[in-house]
Amino acid sequence: MKKEIGFLLNGERRTIEVSPSEILLEVLRDRLGLNSPKCGCDRGDCGTCSVMINGKTVRSCLVLAIEVEDQEVVTLEGIMQNGLTPLQESFLKHNSFQCGFCAPGVILSTTELLAKNPHPNKEEIQEAIAGNLCRCTGYSPIIDAVVDLVK
Amino acid sequence: MAIENQYEYVKAKNLDEVVGLLQRFKNAVILSGGTDLVELLKTGAVHPDVVIDIKGLDFLKDIRLGNNILWIGAGVTFSELIDSEIINEHFPIIAEMSKTVASVGIRNRATMVGNICSAVPCMDSGPVLSVYKARIITDGQIGERQIPIEQWFVGNRKTALFKNEIVKGISIPVPDKKHSGCFVKLRRYSGEDLAQVNLAILAFDDYSFRITFGAVAPTPVRAMRIERLINRMKLVPELMEKAQQLVEDDIAPITDIRATKEYRLHMAKVMLERGLNAALDRLNGGGPAYGKSVI
Ligand code: FES
Ligand code: FES
């Protein structure tokens, strides 16, 4: 049974008809054209599908699209609507990513961290991105960029 | 991966509606955080005819302390436990445990009640709720039930919940003696991982203890033999050694993808010693900060 749901997506009110079995990640990518959340593991382990619901990062591969009715969803596209954020500038400066597949998730996780705790220490940064797997960088340049930004 | 099975989705507006739906549908499942459920829906391990979303039920979001009872509603996430003043002040071991559950993105969605309803043997909530002698409060057509934690887990992924019941929350009595404790989790790397062994300890100021291991059997295991041996004794090195030997009698871990049984047994002994020492040090006002891993 399809249902029309309305929700805020990157600040814009959207309506879309979904069936209760549709996954948020797939609706965002395949039907709404947002490509920043990516499918890595499809089971909650890797963090590449991260989006924010009501300001908190979640794994969109583990969310039913129908659950976000009347909620506020933000993807990386929404975070950088007014250009690169200082955090992203710092990642650029430190050459933090290689293939970049993990980047949207890492950026969202650290954005969430900094909103809550503007001056995290290294351990807190590591903890915040512990659920974002990166297969290229060994994490050091990612962590350095955040440390550099908040020092 | 898409979900093959089709089902109805209802965002419940009140508890009566949930109880009614649980009665009306043969195969109803409750959805809160969904971090376990959505995966099970994708693989087809569960195929409900209705999914009842309880995230709209505000009263399930409560963390309350009154009459020396802590109440954790079914909608409370691990992130909310970590951020709760009540939890950090009165039940820091719950915060210490919650910080080890998966990653922020999961903790923002996953609930403690969901954790004990999934009842996967390596869950982190089980041992902590065991040492606190928690009660699980359910509701359904037959009315409210209060199930003591030691009767809650009945096997691998099996609980005492009836098919047409919902868990409303967990109630935890504040221990009436001065106490402290420790949660110890062994995993392959720091950061996100499931437990190879986990352990919760409460130490009271009369030197009695409650000790529960997790991930070493289908359900959490209260280490009764060890407790009997060390209760009200001074934990001198010889006694600690005897207690560690008893680990082999109290638990019977298996070999699986995350660790061998020999490794689990060995590490359970190390964890017991470090956990007991940390709990006692904390009882005396010192010890490692909560959340700082002792292994
Ligand atoms: S794709 Fe969602 S966590 Fe990996
Ligand atoms: S840069 Fe390739 S996965 Fe992180």
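Residues numbered from 1 in each chain as written. Chains lettered and ligands numbered in written order. Predicted model: local features only at pLDDT ≥ 70, side-chain atom pairs only at ≥ 80, totals over all residues. Heavy atoms only, no water.

A.B. asks: Hey, could you run me through the overall build of chain A in this one?
C.D. replies: Looking only at helices and strands, chain A has six helices and five strands in total. The linear arrangement of helices and strands in chain A, starting from the amino end, is β-β-α-β-β-β-α-α-α-α-α. Counting only C-alpha atoms and orienting by the principal axes, one finds that chain A spans roughly 50 × 30 × 20 Å. Among the 151 residues that make up chain A, the fraction classed as buried is 55%. Intrachain contacts of chain A at a sequence separation of at least 6 include 54% that bridge at least 24 residues. With an accessible surface of roughly 6800 Å², chain A has 49% of that area assigned to carbon and sulfur atoms. (Helix = DSSP H or I, 4+ residues; strand = E, 2+ residues; numbered from the N terminus. Buried < 20%, exposed > 50% of the residue type's maximum accessible area, 1.4 Å probe, protein only. Contact = heavy atoms within 4.5 Å. Areas by Shrake-Rupley, 256 points an atom, 1.4 Å probe, with all protein chains shown as cover.)

A.B. asks: For this particular structure, what's the right way to read the interface of chain A and chain B?
C.D. replies: Quoted interface sizes are often the accessible area lost when the parts come together. The partner chain B presents 30 residues to the 28 residues of chain A that form the contact. Summing both sides of the interface, chain A and chain B together bury roughly 2300 Å²; the carbon and sulfur share of this comes to 49%. Of all residues in chain A, A:Ser21, A:Leu62 and A:Glu67 give up the largest surface area on contact with chain B, accounting jointly for 24% of the area buried on that side. Along the contact surface separating chain A from chain B lie five salt bridges. (Buried area = accessible area lost by both parts, 1.4 Å probe. Salt bridge = Lys/Arg side-chain N within 4 Å of Asp/Glu carboxyl O.)

A.B. asks: What should I look at first to understand the sheet that holds strand E3 (residues 50-53) of chain A in this one?
C.D. replies: By way of backbone hydrogen bonds, the strands of a sheet pair with one another, either parallel or antiparallel. Residues and elements named next belong to chain A. What the five strands build is an open sheet, ordered E2-E1-E5-E3-E4; its pairing is mixed. Strand pairing shows two members of the sheet lacking a second neighbour, strand E2 (12-18) and strand E4 (56-59), which therefore form its edges. Each strand axis lies, on average, 40° off the axis of its neighbour in the sheet, ignoring direction. In terms of strand pairing, E3 meets strand E5 (residues 72-74) through two bridges, oriented antiparallel. Paired with Met52 across the strands is Val74, a residue of E5. (Pairing = 2+ DSSP bridges. Axes fitted to C-alpha atoms, helices over the stretch in contact; angles between N-to-C directions.)

A.B. asks: Explain the domain arrangement of chain A here, please?
C.D. replies: Residue and element names in this part refer to chain A. Assigned domains of chain A: these are domain 1 (3-77) and domain 2 (86-150). Domain 1 and domain 2 are separated by 22 Å when their C-alpha centres are compared. At the junction of the two partners, domain 1 supplies 17 residues and domain 2 supplies 13 residues. The junction of domain 1 with domain 2 conceals about 1100 Å² of combined surface from both sides, 66% of it contributed by carbon and sulfur atoms. The tally of links from domain 1 across to domain 2 stands at zero salt bridges. Among the elements of the structure, E3 and E4 are those that each provide at least two residues to the side of domain 1 that touches domain 2. Here the residues of the side of domain 1 that touches domain 2 sort into five nonpolar, eight polar and four charged. (Domains from an automatic or database assignment. Nonpolar A, V, L, I, M, F, W, Y, C, P; charged D, E, K, R; others polar.)

A.B. asks: Would you take a moment to explain the packing of aromatic side chains for this structure?
C.D. replies: Aromatic rings considered in pairs are described by the distance between their centres and by the relative angle of their planes. All chains considered together, the criterion is met by two aromatic pairs over all chains. Arranged with centres 5.1 Å apart and planes meeting at 55°, the rings of A:Phe91 and A:Phe97 form a pair that is tilted. When the ring centre of B:Phe162 is taken as origin, the NZ or CZ atom of B:Arg145, which lies over that ring, is 4.0 Å away. The ring of B:Tyr290 carries the charged tip of B:Arg282 above its face, separated from the ring centre by 3.9 Å. (Phe/Tyr/Trp six-rings, centres within 6.5 Å; stacked < 30°, edge-to-face > 60°. Lys NZ or Arg CZ within 6 Å of the ring centre and 35° of its normal.)

A.B. asks: Hey, could you run me through helix H4 (residues 103-116) of chain A in this one?
C.D. replies: Helical geometry: 3.6 residues make up each α-helical turn, so side chains three or four residues apart lie on a common side. Residue and element names in this part refer to chain A. Spanning 14 residues, H4 covers 20 Å between terminal C-alpha atoms, matching the ideal 20 Å at 1.5 Å per step. The buried fraction of H4 amounts to eleven of the 14 residues, a majority that puts the element mostly inside the structure. Turning to H4, its buried residues number three or more, namely Ala103, Pro104, Gly105, Val106, Ile107, Leu108, Ser109, Thr110, Glu112, Leu113 and Leu114. (Expected span 1.5 Å × (residues − 1).)

A.B. asks: Whenever I open this one, the nonpolar core confuses me. Can you help?
C.D. replies: Residue and element names in this part refer to chain B. The biggest cluster of nonpolar side chains holds 87 residues, and the ones touching the most others in it are Ile94 and Ile172. The biggest single contributor to this core is helix H1 (residues 15-24), with five residues. The residues contacting Ile94, other than those within four sequence positions of it, are Leu70, Ile72, Leu81, Ile87, Met112, Val128, Tyr132 and Ile172. Counting 34 residues, the second-largest nonpolar core is a separate cluster that includes Leu186, Leu246, Ala268 and Leu283. (Core = buried A, V, L, I, M, F, W, Y, C linked by side-chain atoms within 4.5 Å.)

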